[in-house]
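Observations on chain architecture
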Amino acid sequence: SNLDMVGYHIQNFGGQTPCATHSVKIGCGMDFYSILIDFNAFGFDFQGEYKFEKLIINNVSLDYSFLSMDKAADNFDSKYALDYLKHKLVLGVDHKIRKKLSASWKGSYNDRSGTYTDFVSQLPMNYKVFFMVDCRLTWSDKYFDIYTDVNNILNTRYADFGGLTQPGVNWMLGVRFKMNRAK
C-alpha cells in the first residue's frame, strides 16, 4: 500500500518568480509570470494505491489534485499559467485478463479554471467539467511488452488549452523492449 499527500502554498512577492519543489512546480523558471501577473497559489495532491496479491485485480489507485489561484491577468489567453486544472480526480484499476495479458483502466474527473475565446462566436467561454475513461491492454513477454492505449473511450467532447477541441476516441499501439533484464 502507498499513500502520499503533498501540500503547497506559493505567493508572488514584488515581481519575484516563485520556484516550488513539489509535484506541481508552479512557475519554476518562468520569468513571464512576474511580467504578466501577480498571483497567490494554494493546492495539494493526494495519491493512494493498494496492491493486491493473488487476485485478478492487481491494484487500485486514487489520485486527487486541487489548485486555487487568485490572479490579476485580464485580457490574457494562456495555455499554461492562467487557466489551470482546479480539480483532477483519477481512479485507476489494473487487472489480469490472462497469464500474460493485463488491462489498466483510468477514469478521471477534470475541472479547469478560466476561460477561452470561442473560435466561432468570438465570445469568452468557461471551461466545462469533463470525464474521461482510458484503457491500456498489455501483453507481457520475457523480452518485450506489446500494448495498446485506447483514450477517451466515452468520446467526451471538451476544450482544453485555449479552447482547442480535443480528439474523441483515439488509440495507439506500442512495443517496449526489455534490454537489461535482471537474472
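Let me begin by describing the structure that accompanies this report. Keep in mind that what you see is a predicted model, and the values were worked out from it rather than measured. (Residues numbered from 1 in each chain as written. Predicted model: local features only at pLDDT ≥ 70, side-chain atom pairs only at ≥ 80, totals over all residues. Heavy atoms only, no water.)

1. With respect to the overall build of the chain
This is how the line gets drawn: Secondary structure elements are defined from DSSP: runs of H or I of at least 4 residues count as helices, runs of E of at least 2 residues count as strands, and each element is numbered from the N terminus. Note on classification: 1.4 Å probe, protein chains only; a residue is buried when its accessible area is under 20% of the maximum for its type, exposed when over 50%, partly exposed between these limits. The contact definition used throughout considers only heavy atoms, calling two residues in contact when any of these lie within 4.5 Å. Only the protein chains shown count as covering a residue, and every accessible area follows the Shrake-Rupley method with a 1.4 Å probe.
On a plain count of helices and strands, the chain comes out with one helix and 12 strands. Seen in sequence order, the chain has helices and strands lined up from the N terminus as β-α-β-β-β-β-β-β-β-β-β-β-β. For the chain, buried positions account for 30% of its 183 residues. Taking the contacts inside the chain whose residues are at least 6 apart along the sequence as the reference set, 50% of them involve residues at least 24 apart. Of the roughly 12300 Å² of accessible surface on the chain, 58% is carried by carbon and sulfur atoms.

2. Some remarks on a nonpolar patch on the surface
In plain terms, the rule: Every patch collects residues that have over 30% relative accessible area and no salt bridge, joining them within 9 Å if they carry like charges and within 5 Å if they are nonpolar side chains (Val, Leu, Ile, Met, Phe, Trp, Tyr). The working definition used for a salt bridge is a side-chain nitrogen of Lys or Arg within 4 Å of a carboxyl oxygen of Asp or Glu.
Taken together, the side chains of W139, I146, W171, L173, V175, F177 and M179 present a nonpolar region at the surface, about 850 Å² in accessible area. Per-element tally for the nonpolar patch: the top contributor is strand β12 (residues 170–177), with four residues.

3. Some points on the pattern of salt bridges
A complete count under the given rule lists four salt bridges for this structure. A salt bridge links K178 to D145; the shortest N-O distance between them is 3.0 Å. Placement of K178 in the segment after β12 and of D145 in strand β9 (residues 144–151) is noted, with a sequence separation of 33 residues between them. Each of D145, R176 and K178 takes part in salt bridges that share partners, so that together they form one network.

4. Points about the pairing of strand β5 (residues 101–112)
Working note: regular strand, side chains alternate between the two faces of the sheet. Here is the rule we go by: DSSP bridges decide pairing: two strands pair if at least two such bridges lie between them.
Examined bridge by bridge, strand β4 (residues 85–96) and β5 share 11 bridges and lie antiparallel to one another. Bridge pairing links L91 to G107 in β5. The hairpin formed by β4 and β5 contains four residues between the paired strands. With 10 bridges connecting them, β5 and strand β8 (residues 130–140) associate as antiparallel partners. Looking across to β8, one finds that A103 is bridged to L137.

5. Looking at the packing of aromatic side chains
Inclusion rule: Each Phe, Tyr or Trp ring (for Trp, its six-membered ring) is paired with any other whose centre lies within 6.5 Å, and the angle between the two planes then decides the class: stacked below 30 degrees, edge-to-face above 60, tilted in between. Lysine and arginine charges are scored as sitting over a ring when NZ or CZ, respectively, is within 6 Å of the ring centre and within 35 degrees of the ring normal.
This structure, assessed with the given rule, holds seven aromatic pairs. Between F42 and F66, the ring centres sit 6.4 Å apart and the planes meet at 65°, which makes this aromatic pair edge-to-face. One end of the pair, F42, is in strand β2 (residues 39–51); the other, F66, is in strand β3 (residues 57–71), and 24 residues separate them in sequence. Summarising the aromatic geometry, the rings of Y116 and Y127 are spaced 5.0 Å apart at their centres and angled 45° between planes, so their arrangement reads as tilted. A residue pair is termed long-range when its members are at least 10 positions apart, and Y116 in strand β6 (residues 115–117) and Y127 in the loop between β7 (124–126) and β8 qualify at 11 residues. Judged by relative accessible area, which is 13%, Y116 ranks as buried. The exposure class of Y127 is buried, given its relative accessible area of 8%. When the ring centre of Y127 is taken as reference, the NZ or CZ atom of R112 above it lies at 5.8 Å.

6. Regarding the side chain of D94
This is how the line gets drawn: Positive charge is attributed to Lys and Arg, negative charge to Asp and Glu, and no charge count is given to His or to the chain ends. Polar contact criterion, stated in full: a pair of N or O atoms within 3.5 Å, where within protein one must be able to donate a hydrogen and the other to accept it, and residues adjacent in sequence count only if both atoms are side-chain atoms.
Its place among the elements puts D94 in strand β4. One buried charged residue, D94, remains without a salt bridge, the closest side chain of opposite sign being K106 at 4.7 Å. A polar contact of 2.6 Å, which involves the side chain of D94, links it to the side chain of S104. Setting aside chain neighbours within four positions, we find D94 in contact with I56, I57, N58, N59, A103, S104 and W105.

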